[in-house]
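Spelled out from the first residue to the last, the chains are:
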Amino acid sequence: MSGMGDGYVGTAQDAVRIRRLEKQREAERRKIQELKTKSASAKGQPGLLQFGSSTSEILETAFKKETVGLVTREQYVEKRVNIRNKIEEEEKEKLQKLQQEEEELQLQKRRKRKVKGNSRLSFADDMENGSEEEEDAENKSSEPKRFTRGKFGKDPTVETSFLPDSEREAEEQAERERLRKQWLREQEQIKNEPLEITYSYWDGAGHRRVIQVRKGDTIGEFLRAVQQQLAPEFREIRTTSVENLLYVKEDLIIPHQHSFYELIVNKARGKSGPLFHFDVHEDVRTIADATIEKDESHAGKVVERHWYEKNKHIFPASRWEIYDPTKKWERYTIHGD
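A quick note: this is a predicted structure, and the numbers were derived from the prediction, not measured.

With respect to the sheet that holds strand S3 (residues 245-249)
For step 1, the next point in the chain: One open sheet accounts for six strands, arranged S2-S1-S5-S3-S4-S6; its pairing is mixed. Of all the strands in the sheet, just strand S2 (206-214) and strand S6 (321-322) have a single pairing partner and so form its edges.
For step 2, the next point in the chain: Pairing between strand S1 (residues 194-202) and S2: nine bridges, direction antiparallel. Across the sheet, the residue bridging to Ser-200 is Arg-208, located in S2.
For step 3, the next point in the chain: In the packing of helix H6 (residues 219-230) onto the sheet, contacts are made with S1, S2, S3 and strand S5 (300-304), and the angle to S2 comes to roughly 125°.

Thoughts on the packing of aromatic side chains
For step 1, the next point in the chain: Per the counting criterion, the structure on display carries seven aromatic pairs.
For step 2, the next point in the chain: For the ring pair Tyr-308 and Trp-320, a centre distance of 5.9 Å and an interplane angle of 15° mean the geometry is stacked. Of this pair, Tyr-308 sits in helix H9 (residues 305-311) while Trp-320 sits in the loop between H9 and S6, and the two are 12 residues apart along the sequence. In this pair, the class of Tyr-308 matches that of Trp-320, namely buried.
For step 3, the next point in the chain: Put simply, the rings of Tyr-199, Phe-222, Tyr-247, Phe-260 and Phe-278 touch in pairs and so form one group of aromatic residues.
For step 4, the next point in the chain: Between Lys-191 and the ring centre of Tyr-261, over which it is positioned, the NZ or CZ distance is 4.9 Å.
For step 5, the next point in the chain: In this structure, Lys-267 packs its charged tip against the face of Phe-276, placed 4.8 Å from the ring centre.

What to know about a nonpolar patch on the surface
For step 1, the next point in the chain: Taken together, Tyr-76, Val-77 and Val-81 make up a surface patch of nonpolar side chains, about 240 Å² in accessible area.
For step 2, the next point in the chain: Here Val-77 is to be found in helix H3 (residues 73-118).

Focus: the nonpolar core
For step 1, the next point in the chain: Formed by 25 residues in total, the largest nonpolar core has its most connected members in Ile-197, Phe-222, Leu-223, Tyr-247 and Phe-260.
For step 2, the next point in the chain: Of all the secondary-structure elements, those providing two or more residues to this core are S1, S2, H6, S3 and helix H8 (260-265).
For step 3, the next point in the chain: Here the element with the most residues in this core is H6; it accounts for five residues.
For step 4, the next point in the chain: The contacts of Leu-223, once residues within four sequence positions are left out, are Val-242, Leu-245, Leu-246, Tyr-247, His-256 and Val-302.

A short note on the pairing of S3
For step 1, the next point in the chain: Most of S3 sits out of view: five of its five residues are buried.
For step 2, the next point in the chain: As paired strands, S3 and S5 are joined by four bridges and run antiparallel to one another. Bridge assignment links Leu-246 to a residue of S5, and that residue is Val-303.
For step 3, the next point in the chain: With two bridges connecting them, S3 and strand S4 (residues 252-253) associate as antiparallel partners.

Here we look at H6
For step 1, the next point in the chain: The terminal C-alpha atoms of H6 lie 16 Å apart, and with 12 residues this matches the ideal 16 Å at 1.5 Å per residue to within 8%.
For step 2, the next point in the chain: By the burial criterion, the buried members of H6 are Ile-219, Gly-220, Phe-222, Leu-223, Val-226, Gln-227 and Leu-230. Seen along its axis, H6 keeps its buried residues to an arc of 155°; they face one direction.
For step 3, the next point in the chain: Buried positions along H6 lie against S1, S2, helix H7 (235-239), S3, H8 and S5.

Points about unusual backbone geometry
Comment: phi is negative for the bulk of residues other than glycine, and the bulk of peptide bonds are trans.
For step 1, the next point in the chain: With an omega of 5°, the peptide bond running from Phe-315 to Pro-316 counts as cis.
For step 2, the next point in the chain: Inspection of the secondary structure puts Pro-316 in the loop between H9 and S6.
For step 3, the next point in the chain: Despite not being glycine, Asp-251 shows a phi value in the positive range, around 70°.
For step 4, the next point in the chain: Examined against the element boundaries, Asp-251 turns out to sit in the loop between S3 and S4.

How each quantity is defined
- Residues numbered from 1 in each chain as written.
- Predicted model: local features only at pLDDT ≥ 70, side-chain atom pairs only at ≥ 80, totals over all residues.
- Heavy atoms only, no water.
- Pairing = 2+ DSSP bridges.
- Helix = DSSP H or I, 4+ residues; strand = E, 2+ residues; numbered from the N terminus.
- Contact = heavy atoms within 4.5 Å.
- Axes fitted to C-alpha atoms, helices over the stretch in contact; angles between N-to-C directions.
- Phe/Tyr/Trp six-rings, centres within 6.5 Å; stacked < 30°, edge-to-face > 60°.
- Buried < 20%, exposed > 50% of the residue type's maximum accessible area, 1.4 Å probe, protein only.
- Lys NZ or Arg CZ within 6 Å of the ring centre and 35° of its normal.
- Patch = residues over 30% accessible without salt bridge, like charges linked within 9 Å, V, L, I, M, F, W, Y side chains within 5 Å.
- Areas by Shrake-Rupley, 256 points an atom, 1.4 Å probe, with all protein chains shown as cover.
- Salt bridge = Lys/Arg side-chain N within 4 Å of Asp/Glu carboxyl O.
- Core = buried A, V, L, I, M, F, W, Y, C linked by side-chain atoms within 4.5 Å.
- Expected span 1.5 Å × (residues − 1).
- Arc of directions from axis to C-beta.

Okay, structure coming up:
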């Protein structure tokens, strides 16, 4: 068959089926050719005289043989109709025969496919016999029945958590996103909590004050609030800008961009105490223990930059240095740990 040449992409089973059909059709052609040869002289078989021709050519040839000589109009019409009907019946019979053969081949193919699909199971023979019995019962029964086969699923006792699972991954991603949003909401609530800070304005002497800000406020925002609080009392504070004010906590100068929230969450340490306590308290112990560091918090100092530049060589400004989050001071141990 020409379709099996170069470019054919069917399976081996399709090729076998095509060759089988070719042989059957070749046999039919030989039978028809024999009938055609035997009936070439017969006048009553016009449909076989022009086998292989189109329907119109067969009809015309047969009609010419049937209308030799003089015929009436009624005979002319009647013979033409009879010849056409006979040719159409022959074509229908051929078509039905080919369809029946095709259905039988498809049925055989389905049976083979079932046997092949079940052969990998230990009970393949039982299923094969059962399917054949049910198919025979279907053919014998007047009412069609459908053969249902059980569905084989996964073994629930087998560990499959290491295998890729798109549904599980989607659920985990959704859970991570939910937890992330929940964490962000909680942190935002923490940032909005009030924070009371005890500080001392230092100009060579201490002027202690208390102010309330939010935990999420930056050092720059804190110093702006301090300037507004101190401006009525100190002229130099009224005339300076927030950028010229410094906040010194535990001997470290905290840059303006850092927030109290960062210091609290990271439990930042200074040179002389924690940076995440903003009240003032002393470590009161009846027994001294050198292995436990003192739990003390000192008031942070607010200093005008000009004063610091002028006095940074004098104690206590000589001890101050810029806060660096990456620099770790020795471990700070809370009393009672």
